[in-house]
Amino acid sequence: MERMARAFWLSSPGSGEIREVPLPEPSAEDVVVRTLCSGVSRGTESLVFRGEVPGSQYAAMRAPFQDGDFPGPVKYGYLNVGTVEQGPASLVGRTVFCLYPHQSRYVVPASAVTVVPDGVPAERAILAGTVETAVNALWDAAPLVGDRIAVVGAGMIGCSVAALLARFPGVRVELVDADPTRADVADALGVDFALPGDALPDCDLVVHASASEAGLTRSLELLAPEGTVLELSWYGDRRVSLPLGEAFHSGRLVLRGSQVGRVSEARRSRRTYADRLALSLALLADPVFDALVTGECAFEELPSVMAGIAAGDLPGLCHRVRYGATWAEAPARTASGDC
């Protein structure tokens, strides 16, 4: 087995490169995984690439298998799908998902990988971490049959939430975004679409995922009395202001935070983190989620592609990174924030 691998590193804010890295010797409890594809989590990884993770959140933002520290050099990422080359007999040859950064091969404890179910292609399974966030959000929000729901922000997280809500019986689901081209994604997911100014009011629940002050403000405006905004956005070191006068108090509105790092106390007694991830992978058997993968590149291109994503020059939803047999022959590349 090759004892070297290649990994994407943020060398400093705005500059990424592919480095050769040594693989540790696997123990009997480890697996060696050859990566098939990984996914770029646009919002979080853009913040990391630009060096905008606030110092107070360094620990909270740390990925499970991150190397280095913020703001850099750091190896960051958590949407990785590969094939087990070495490890327990029950796992060898299986396709697995792992919360691992962008790297061609890696060694992790066998307990850190989850088998991708039959019927879920590796190319789609990279969305497991994103769908896991959506599952956690809906566990927190607990929507009811017949609820009127808006999802504000048609990024990876918002679209994943909308795709799951489309399965709920009797609910009115509207995906809201300032980009009119996201109407095509909403149609593929089987939900209605509206621009912010045209969104339907009187919502029982609004899930906010636009990571913008304007989006959060509009989410509050869309609520019916005693309605709830579930906040999924991560703002990094930015501060947001909200109009908490007007109908906020008289309407008894609720603003609640949700974050994938924790399973709510109400669920934790009977659902584990492993249960949540396994459920997310099972849900990805639905090909409707293919609409969330809107770009693709070779691993060798990732430094320049990440710079373009972080700069806003490459819009879209999930960007898939493919790893091929030629990776070992490719020279290391670097890229600045200019794409």
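Please read these numbers as outputs of a predicted model, since none were measured by experiment.

With that settled, consider the overall build of the chain. Looking only at helices and strands, the chain has 10 helices and 18 strands in total. For 339 residues, the compact-globule estimate of 2.2 N^0.38 gives 20 Å, and the C-alpha radius of gyration of the chain, at 20 Å, lies within 12% of that figure. Projecting the C-alpha coordinates of the chain onto the three principal axes gives extents of approximately 65 × 45 × 35 Å. Taken across its 339 residues, the chain has 51% of its residues classed as buried. Carbon and sulfur atoms form 52% of the exposed surface of the chain, whose accessible area is close to 14600 Å². Computing the positive centroid from 29 side-chain charges and the negative centroid from 41, the chain places the two 4 Å apart.

Okay, the sheet that holds strand 13 (residues 203–208) next. The parallel open sheet is built from 6 strands, whose spatial order is 12-11-10-13-14-15. Only two strands of the sheet have a single partner each, and these edge strands are strand 12 (192–194) and strand 15 (254–257). Averaged over all adjacent pairs, the angle separating strand axes in this sheet is 20°, with direction ignored. Packed onto the sheet, helix 4 (residues 156–165) meets strand 10 (148–152), strand 11 (172–176) and strand 13 and runs at close to 160° relative to strand 10. Against the sheet, helix 6 (residues 213–221) engages strand 10, strand 13, strand 14 (223–231) and strand 15, with an angle of about 150° to strand 14.

Moving on: the side chain of Ser258. Mapped onto the fold, Ser258 is located in the loop between strand 15 and helix 8 (265–268). Among the polar contacts made by the side chain of Ser258, one reaches the side chain of Asp140 at a distance of 2.6 Å. Once you skip the residues sitting within four places of it in the chain, Ser258 turns out to touch Asn136, Ala137, Asp140, Leu230, Glu231 and Leu232.

With that settled, consider the pairing of strand 16 (residues 293–298). As defined by bridge partners, strand 16 adjoins strand 17 (residues 318–322) across 5 bridges and the pair is classed as parallel. Following the sheet pairing, Val293 is matched in strand 17 by Cys318. Crossover handedness for the path strand 16 to helix 10 (residues 302–311) to strand 17: right-handed.

Under the definition given, this model contains 18 salt bridges. The residue Arg182 makes a salt bridge to Asp179 at a minimum N-O spacing of 4.0 Å. Given a relative accessible area of 13%, Arg182 falls into the buried group. The shortest N-O distance in the salt bridge between Glu296 and Arg322 comes to 2.9 Å. Of this pair, Glu296 sits in strand 16 while Arg322 sits in strand 17; the two residues are 26 residues apart in sequence, bridging distant segments of the chain. The exposure class of Glu296 is partly exposed, given its relative accessible area of 40%. Among the residues examined, Arg322 registers a relative accessible area of 33% and is labelled partly exposed. One continuous salt-bridge network, built from bridges that share partners, spans Glu123, Glu296, Arg320 and Arg322.

Reading guide: rules and limits
- Residues numbered from 1 in each chain as written.
- Predicted model: local features only at pLDDT ≥ 70, side-chain atom pairs only at ≥ 80, totals over all residues.
- Heavy atoms only, no water.
- Helix = DSSP H or I, 4+ residues; strand = E, 2+ residues; numbered from the N terminus.
- Rg over C-alpha atoms; globule rule 2.2 N^0.38 Å.
- Buried < 20%, exposed > 50% of the residue type's maximum accessible area, 1.4 Å probe, protein only.
- Areas by Shrake-Rupley, 256 points an atom, 1.4 Å probe, with all protein chains shown as cover.
- Lys, Arg positive; Asp, Glu negative; His and termini not counted.
- Charge placed at Lys NZ, Arg CZ, Asp CG, Glu CD.
- Pairing = 2+ DSSP bridges.
- Axes fitted to C-alpha atoms, helices over the stretch in contact; angles between N-to-C directions.
- Contact = heavy atoms within 4.5 Å.
- Polar contact = N/O pair within 3.5 Å; in protein donor to acceptor, adjacent residues only side chain to side chain.
- Right-handed = clockwise from strand over helix to strand, strands pointing away.
- Salt bridge = Lys/Arg side-chain N within 4 Å of Asp/Glu carboxyl O.

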